[in-house]
Amino acid sequence: MLPDCIEKCRLQQEMRPAAEYAGAAMESDSKFSKRKYEYDIIRILAAFLIIFAHTGIDGMELYRTYSNPSIPYWVYVLAHIMGLTGVALFQFLSGALLLKKKESPGTVLRKRLPRILIVLAVFSAAAYLQRCIDGHVEEPGLFDFIKRLTGNGVITPYWYLYAYIGFLISLPLLRSMARAMDRAEYEYLLRIALVFSLAAPVGIQWTQWAGISLNDFVYPAWLLGDFVLIPLAGYYFAEIAKDEDRNAWLKRAVLICIVCIALMMYTAHAENMSQAGTLPRPFHAVYSLTFPCVLIYLVIKKAVGKIRLSGRLQDALPKVSACCFGMYLVHIIVMNLPLVRDLPDFLKYRLGISSFVSSALFTAAVAVLSFLVTLLLKRIPGLKKLL
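What comes next is a walk through the structure. Owing to the predicted nature of the structure, the values given are computational and were not obtained by experimental measurement.

**Overview of the overall build of the protein**
Right, on to step 1. For the protein, the count of helices and strands is 17 helices and 0 strands.
Right, on to step 2. For the protein, buried positions account for 48% of its 387 residues.
Right, on to step 3. For the protein, the exposed surface amounts to about 19,700 Å²; the carbon and sulfur share of it is 65%.

Following this line, the structure appears as structure tokens:
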């Protein structure tokens with residue numbers, strides 16, 4: 001048994017605010033509360049999926065290389081959809097872990113916002129330097145970096161950090177909304193999401209041939225935005241819903257996700273096969289990822305409740321989970337290292353491994369390397385508090 005002072009320090013380390021930047025903080029109601037290992041598992045899964053989402057034409061976008069549907073084609077379409085859920089899972093955990101906290105607007109602006117701004121600036125600078133070394137910046141310089149940093153970003157994957165800044169600015173208001181709603185209102189919200197993110201898009205798709213469409217002003221876009229709906233769903237299922245609610249929604253979510261994923265696969269196929277190369281709205285912007293997140297959370301939560309984790313696994317999960325935000329930040333930099341970026345070609349052309357399996361192995365390798373890099377960065381005093 002650890003002494004009380006050591007145990008207190010361990011718990012404080014587990015609950016550090018910096019990990020919350022990726023929407024995947026580790027929280028505990030008290031030092032005697034049972035650890036929610038489902039959060040660790042979901043966080044690790046989300047990090048892996050985000051890395052896979054950046055494997056390009058050999059992995060995430062492999063289905064686009066097919067001109068005719070086949071069994072592998074549909075597998076790759078499904079893999080593409082799974083890759084999209086990585087960020088959504090982080091958003092789901094943001095709601096589960098942050099909306100329950102009570103902080104004044106000033107505390108949020110003083111405590112949380114500056115750290116994410118520092119993280120964005122530091123790692124964008126590292127990515128910018130790498131792009132300069134690789135010759136991908138035409139006119140490198142401080143002014144060019146500032147323009148990119150304040151504009152569209154230095155690298156595309158950091159869009160989530162910008163979106164998270166907006167989430168933090170809105171957090172005090174979203175918390176008030178989350179705490180004021182009761183179970184019936186959360187159920188109503190989920191039904192609204194079901195109608196407008198599944199039923200309505202399908203109906204519109206089928207009725208467009210007859211010239212029928214839904215007026216844009218009817219769609220409650222502010223409520224169904226990813227950084228409103230998905231965090232509220234996370235808070236509801238983690239804090240408000242009772243066991244019978246979760247069990248009922250587990251059954252519903254299975255059916256909903258089967259239909260939703262089938263529709264997303266069909267829409268992705270239609271987009272891929274269209275002569276223009278794309279539809280007016282990308283398929284992942286039409287169908288919400290809320291319900292896949294709900295299903296993943298409920299399945300993992302139920303599994304963790306029934307399976308006894310070994311001591312080693314209970315020790316390893318929090319350690320890996322605590323590095324997931326750092327893995328997200330550094331994985332693109334790791335991917336672009338000379339030896340690492342040549343790995344997919346080596347696996348495909350030298351070892352004869354298929355593109356998809358090569359991408360899966362590449363994703364695993366980048367995840368491991370990013371984890372090790374994050375561990376090293378945590379030893380640097382200035383960066384330790386940010387990661």
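On we go.
**Description of the environment of L93**
Right, on to step 1. Structurally, the position occupied by L93 is in helix α3 (residues 71-98).
Right, on to step 2. Judged by its relative accessible area of 0%, L93 is buried.
Right, on to step 3. Between the C-alpha atom of L93 and that of Y39, which follows or precedes it by 54 residues, the distance is 7.3 Å.

**Some points on the nonpolar core**
Right, on to step 1. Grouped together as the largest cluster of nonpolar side chains are 115 residues, with contacts concentrated most on Y158, F237 and L329.
Right, on to step 2. Here this core gets 15 residues from one element, more than from any other, and that element is α3.

**Here we look at the layout of surface pockets**
Right, on to step 1. The volume enclosed by the largest pocket comes to roughly 1,000 Å³.
Right, on to step 2. Lining the largest pocket are 42 residues, and of these A53, H54, L84, V87 and W159 lie nearest its centre.
Right, on to step 3. Residue assignment for the lining of the largest pocket shows that the elements contributing at least two residues are α3, α4 (105-133), α6 (159-180), α10 (283-286) and α13 (324-335).
Right, on to step 4. By residue number, the principal contributor to the lining of the largest pocket is α3, which donates 7 residues.
Right, on to step 5. A breakdown of the residues in the lining of the largest pocket according to their chemical character gives 23 nonpolar, 13 polar and 6 charged.

**Let's talk about the packing of aromatic side chains**
Right, on to step 1. Across all of its chains, the model carries 25 aromatic pairs by this definition.
Right, on to step 2. Centre to centre, the rings of Y236 and F237 are 4.9 Å apart; their planes meet at 70°, and the pair counts as edge-to-face. Taken individually, Y236 and F237 each receive the classification buried, so the pair is uniform in this respect.
Right, on to step 3. The lysine or arginine in question, R35, covers the ring of Y37, its NZ or CZ lying 5.9 Å from the ring centre.
Right, on to step 4. Here the basic side chain of R252 rests over the ring of W249, its NZ or CZ set 4.7 Å away from the ring centre.

Conventions and cut-offs
- Residues numbered from 1 in each chain as written.
- Predicted model: local features only at pLDDT ≥ 70, side-chain atom pairs only at ≥ 80, totals over all residues.
- Heavy atoms only, no water.
- Helix = DSSP H or I, 4+ residues; strand = E, 2+ residues; numbered from the N terminus.
- Buried < 20%, exposed > 50% of the residue type's maximum accessible area, 1.4 Å probe, protein only.
- Areas by Shrake-Rupley, 256 points an atom, 1.4 Å probe, with all protein chains shown as cover.
- Core = buried A, V, L, I, M, F, W, Y, C linked by side-chain atoms within 4.5 Å.
- 1 Å grid on protein atoms, 1.4 Å probe; cavity = no way out; pocket = protein on both sides within 12 Å on 5 of 7 lines; lining within 4 Å.
- Points joined across faces, edges and corners; volume = space filled by probe spheres on them.
- Nonpolar A, V, L, I, M, F, W, Y, C, P; charged D, E, K, R; others polar.
- Phe/Tyr/Trp six-rings, centres within 6.5 Å; stacked < 30°, edge-to-face > 60°.
- Lys NZ or Arg CZ within 6 Å of the ring centre and 35° of its normal.

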